[in-house]
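# Residue-level structure breakdown
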Amino acid sequence: MNQFVQLTVNGFVAGSIIAVGAVGLTLVYGILRIVNFAHGDYLTFGAYMAFVANVTWGLHPAFAAANAVVLTAALAVGLEFILWRPMRRRGAGVTSLFLTSIGLALVLRNAIQFVWGTTPFRYRINVFQSYDLGLFRISQNQITVVASAVVLIAGVGVFLSRTRTGKAMRALADSVDLAAVSGIDTNRIVTWTWVLAGSLAGLAGMLLAILQASLNPNSGFNALLPMFAAVILGGVGSAYGALAGGIVIGLATELSTIAVPFQYKEAIAFGVMILALLFRPQGLFGRARVV
Amino acid sequence: MIDEPRGPVHRRHDTILEVEDVTKHFGGVAAVDRVSLAVERSSITALIGPNGAGKTTLFNVISGFIAPESGTILFQNERIDGKPPHAVAKRGLVRTFQITKALTKLSVLENMMLAAPDQPGERFWSVWLRARTVKAREIEIRQRAMEALRLFRLDHLADDYAGTLSGGQRKLLEMARALMTRPSIVLLDEPMAGVNPTLGKRLLEHMHQIRDEHGLTFLYVEHDMDVVMTHSDRIVVMADGRVIADGSPAEIRRDQGVIDAYLGTAGAPR
Amino acid sequence: MTFVLGAFLSIDFWQYVAVTAGIYAIFALGLQLEFGFAGLLNFGHIGFMAIGSYTMAILIVHASLPMWLAALIAIVTAMLFGLVVGLPALRLRADYLAITTIAFSEIIRIFILNSVRWTGGPQGVLGFAGDYTDFSAALGRRLSSLTHISFDPDRVLLVLVWPIVLLIYLVLRRLTRSPWGRVMRAIREDEDAANALGKNPLFYKLQALAIGSGIAAIAGIFFSYQLLYLSPTSFEPLFTFFAWVIVLLGGTGRLGGVPVGAVIFAVIFAGTRFLEFWPLSLLDDGDRAAVRLIVVGLILIALMAFRPQGIFGKREELLLDR
């Protein structure tokens, strides 16, 4: 029983990072129809920007987080203007954009590796503190991660449901044509989508590095497929779906180790995604599309 | 294109297509609601109704792209409801699409040759083991295709990418291609939409000619009431997913329900 | 300057590049059939190559099968996996198929990494190449005596790989120009149109996936004998992306473009590993690997942005405008 609770806690923590990363991914996917294969590397970028602030400049982790957010958002918006928007204007189709994102992923990941090398890095934070709560243990890092994630998720939830931009984003993710007709400035919303996606990715990247107590150029990419699984599970374009999907994937991955050797737990996430695709392709929160 | 003409067709009163009580909902709305109709062999039937009446959905159900929730569809006395489109097409029921599906990355001639139903070379092993037969059939099929293209006056475009054709030419190509499959019945979804009047007239002439010479059955969706009144043996009227009238052009012209529901907007631009 | 030329003129270097190019060409030809002709977004192609390589190696090491039989079974196994994956996956829309196939190839890699008893796990498999090295040495001696040139193992492999590239190219050319190929191209563009004309799209797509996977396995077999050992890191999604770059570079749907793309790719890839002149001399191995991949990424982006039809492709037949 204890093991079950511990795994649930671990799963929830891991899932919350996937959830945060997946929200940005699903919004971009839903609004721009871009399957952004470089999203994982946006996470890595954020993690390294936090590293620069925290270790290279010696700043407090809060500033590191701010650094991660701001710079990753800037990266995302910058790329929108120099890459995505020109390609869309030239009529690039979904497949083209997908392939472009693969190229971008390669460039980002290896540029990071070029600058910082392959040796794993660590933040200057306390990694050893942990608390024994009887039923389970939880480390300082895990608390930081889950607390930050909860705050972020709540913030995102408020943003999407209360602000005009947020509501416009959800409308666009539902249907670009309808939204355009209703007078929403699509370009502006698209920019804000990247801001949101980039910020969340940057932060998720830092949280991931905190949780794993190390970061390397491949960290974000390794989280990419679970994030895609979360997006698909939750229904493409649904931010709430991505959140739920992320938690489910996290839980499924950790709890599966009860039955399956832990080395295979990554495969479990993929298995869940494939099952979702076969039996409910629109995801938990998506709407069944007419053929 | 469809073998030698069989001489004047004796109108046999047999039903080639029977739709019985077919229903299909989309998200709570009945797109097709207990629709029944019977199409006589060698007839030309028009299916009319306002936008959203369910005509294209009905086509999709009949041709196998959508499975009906209830009801049956009999084609040449065999049930085809629930069968996939390729199986229905192989049995001799072929349809065209509202937005043309001319295969733009293939040439006009390739579009036509693709449709021929009797080319063993479409099977993997035959490519290697029956190469001579395959080659011979290709020559026959090319001849048949060119004849058809000549009939539709598209032969000079045979080697062009279908993507270079105008909208009207693509409609003609799609109809010619459908006929290559040697069908028993052709469902045309808005064959005249977006086509200039000259080409449209030609299309209708072809339809009559092919029916007269070869006994083919036609069921087509159309909005132009003049066309429908003069170019059909029977008219089926749909509205809100249901059949509201079914009879000869004269009967339909007099039907009050139809007049109320639809004919008031006759001839108005779509 | 002579140092530079020396590197360029080294026969060993070009042999290595040529063998690598040949293996990539075979691998990419399989993908060309799947994407260029059937329109399938298969991003898990490397998974089938892994199945080919590892099945053969395991059969040789654990079941003591002779090389030819093991290779044949490996190819068939990969094809069967193609069918097994395709049956559910090919019904999915394009972007889901892409993600599903990547997931599949990762599942394969995870299994290979962890089935230590059979696959040696991260350490990999050794010792499957006995039959091959004997065969290669014998062939080398024969060729040497015929031509009076010495035939080292790399050179023998070169002589084995490229005729297979040609054979596969000719087979695929015949297929794609046949009525079978015509149906495939129709399905690629619009499967509903093909369906309405009596062609079963799933049936054809399955065939393309199965054949493409078999070809990937053939590439895997040659790959195994180039390296003489197998390890899971050789079968990451990255290598599928390489095949995509090659196919796109040569031109989607242009079979002849694949060997050209493969050679260009191999030169960039292998070339930057061994050439020592400035500015490459400033970088160590790890950095060079990173630069290599940055270049590949940039090529991919540039292709998509400026010349999506690749070197030999035709704009009218561009599949990527959806």
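Residues numbered from 1 in each chain as written. Chains lettered and ligands numbered in written order. Predicted model: local features only at pLDDT ≥ 70, side-chain atom pairs only at ≥ 80, totals over all residues.

## Re the overall build of chain A
Within chain A one finds eleven helices and two strands. Each helix (α) and strand (β) of chain A, taken in turn from the N terminus, gives the series α-α-α-α-β-β-α-α-α-α-α-α-α. Its C-alpha atoms give chain A a radius of gyration of 19 Å, near enough to 19 Å, the size a compact globule of 291 residues would have. On the principal axes, the C-alpha backbone points of chain A span a range of 55 × 45 × 35 Å. A buried classification covers 54% of the 291 residues belonging to chain A. (Helix = DSSP H or I, 4+ residues; strand = E, 2+ residues; numbered from the N terminus. Rg over C-alpha atoms; globule rule 2.2 N^0.38 Å. Buried ≥ 20, exposed ≤ 12 C-beta atoms within 10 Å, placed from the backbone.)

## Concerning the pairing of strand β4 (residues 70–75) of chain B
Residues and elements named next belong to chain B. Here five bridges tie strand β1 (residues 15–26) to β4, and the two strands are oriented antiparallel to one another. Bridge pairing in β4 links glutamate 18 to leucine 74. Relative to strand β5 (residues 78–79), β4 runs antiparallel, the two sharing two bridges. Among the inter-strand pairings, phenylalanine 75 is bridged to a residue of β5, identified as glutamate 78. What sits between β4 and β5 in their antiparallel hairpin is a turn of two residues, with glutamine 76 showing a positive phi close to 50 degrees. (Pairing = 2+ DSSP bridges.)

## Overview of the packing of helix α9 (residues 179–189) of chain C against helix α11 (residues 201–227) of chain C
Between two packed helices, what matters for the description is the angle formed by their axes and the separation of those axes. All names here are of chain C. Packing of α9 against α11 brings their axes to within 10 Å, and their N-to-C directions diverge by 110 degrees. Overall, the two elements α9 and α11 adopt an arrangement that is roughly perpendicular. From α9, Val183, Met184 and Ile187 reach across to α11, where they touch Pro201, Tyr204, Lys205 and Ala208. Classifying every residue of the contact of α9 with α11 gives six nonpolar, no polar and one charged. (Axes fitted to C-alpha atoms, helices over the stretch in contact; angles between N-to-C directions. Parallel < 35°, antiparallel > 145°, perpendicular 65-115°, else oblique. Contact = placed C-beta atoms within 7 Å. Nonpolar A, V, L, I, M, F, W, Y, C, P; charged D, E, K, R; others polar.)

## Here we look at the sheet that holds strand β10 (residues 242–247) of chain B
By definition, the strands of a sheet pair up through backbone hydrogen bonds, in either a parallel or an antiparallel sense. Residue and element names in this part refer to chain B. Strands sit in the order β6-β7-β8-β3-β9-β10 across an open sheet of six strands; the sheet is mixed. Edge positions in the sheet fall to β6 (93–95) and β10, since each has one partner strand and no second. When the angles between neighbouring strand axes are averaged without regard to direction, this sheet yields 15 degrees.

## As for the sheet that holds strand β2 (residues 29–40) of chain B
Taking strand neighbours across the sheet as the criterion, the four strands line up as β2-β1-β4-β5 (chain B) in an open arrangement whose pairing is antiparallel. In the strand order of this sheet, the two ends are held by β2 and β5 of chain B, each with one partner.

## Overview of helix α3 (residues 108–115) of chain B
α3(B) sits mainly inside the fold: eight of its eight residues count as buried. If you check which residues of α3(B) are buried, you get B:Val108, B:Leu109, B:Glu110, B:Asn111, B:Met112, B:Met113, B:Leu114 and B:Ala115. Lining the buried residues of α3(B) we find α5 (131–151) and α6 (167–180) of chain B together with α9 of chain C.

## Things to note about the interface of chain A and chain C
A common way to state how big an interface is: give the accessible area lost once the parts meet. Tallying the contact residues gives 35 residues for chain A and 34 residues for chain C. Secondary structure elements with two or more residues in the side of chain A that touches chain C: α4 (94–116), α9 (219–234) and α11 (265–279) of chain A.

## Things to note about the interface of chain C and chain B
With 22 residues of chain C at the contact, the number on the chain B side is 28 residues. Elements with a contribution of two residues or more to the side of chain C that touches chain B: α8 (153–177), α9 and α10 (191–196) of chain C. Take the side of chain C that touches chain B: its biggest share by element is seven residues, from α9(C). Residues that form the side of chain C that touches chain B fall into these classes: eight nonpolar, five polar and nine charged.

## Section: the pairing of strand β8 (residues 217–221) of chain B
For a regular strand, the rule is simple: side chains alternate between the two faces of the sheet. Residue and element names in this part refer to chain B. Of all five residues in β8, five are buried; the element is thus mostly enclosed. The side-chain alternation of β8 yields two buried faces, one formed by Thr217, Leu219 and Val221 and the other by Phe218 and Tyr220. In terms of strand pairing, strand β7 (residues 185–189) meets β8 through five bridges, oriented parallel. Across the sheet, valine 186 pairs through a bridge with phenylalanine 218, a residue of β8.

## Re the environment of C:Pro179
With respect to the helices and strands, the residue C:Pro179 is situated in helix α9. The residues contacting C:Pro179, other than those within four sequence positions of it, are B:Gln119, B:Gly121, B:Glu122, B:Val134 and B:Glu138.

## Here we look at unusual backbone geometry
Among all residues save glycine, negative phi is the norm, and among peptide bonds the norm is trans. Residues and elements named next belong to chain B. You will see that glutamine 76, though not glycine, has its phi angle at about 50 degrees, which is positive. Although it is not a glycine, aspartate 240 sits at a positive phi angle of roughly 50 degrees. Following the sequence through the fold, aspartate 240 ends up in the loop between β9 (234–239) and β10.

## Focus on the confidence of the model for chain C
All names here are of chain C. Looking at chain C, the pLDDT average stands at 90 and 93% of residues meet or exceed 70. Summarising per-element confidence for chain C, the mean pLDDT is lowest in helix α1 (residues 2–9) (54) and highest in α11 (96). For this predicted complex, the interface confidence reaches an ipTM of 0.90, while the overall pTM sits at 0.90. (pLDDT = per-residue confidence, 0-100.)

## Brief notes about the environment of A:Ile210
Residue and element names in this part refer to chain A. Structurally, isoleucine 210 can be placed in helix α8 (residues 186–212). As for isoleucine 210 and arginine 122, which are separated by 88 residues in sequence, their C-alpha atoms are 8.0 Å apart. Among residues more than four places away in sequence, those in contact with isoleucine 210 are Tyr123, Ile125, Asn141, Thr144 and Val145.

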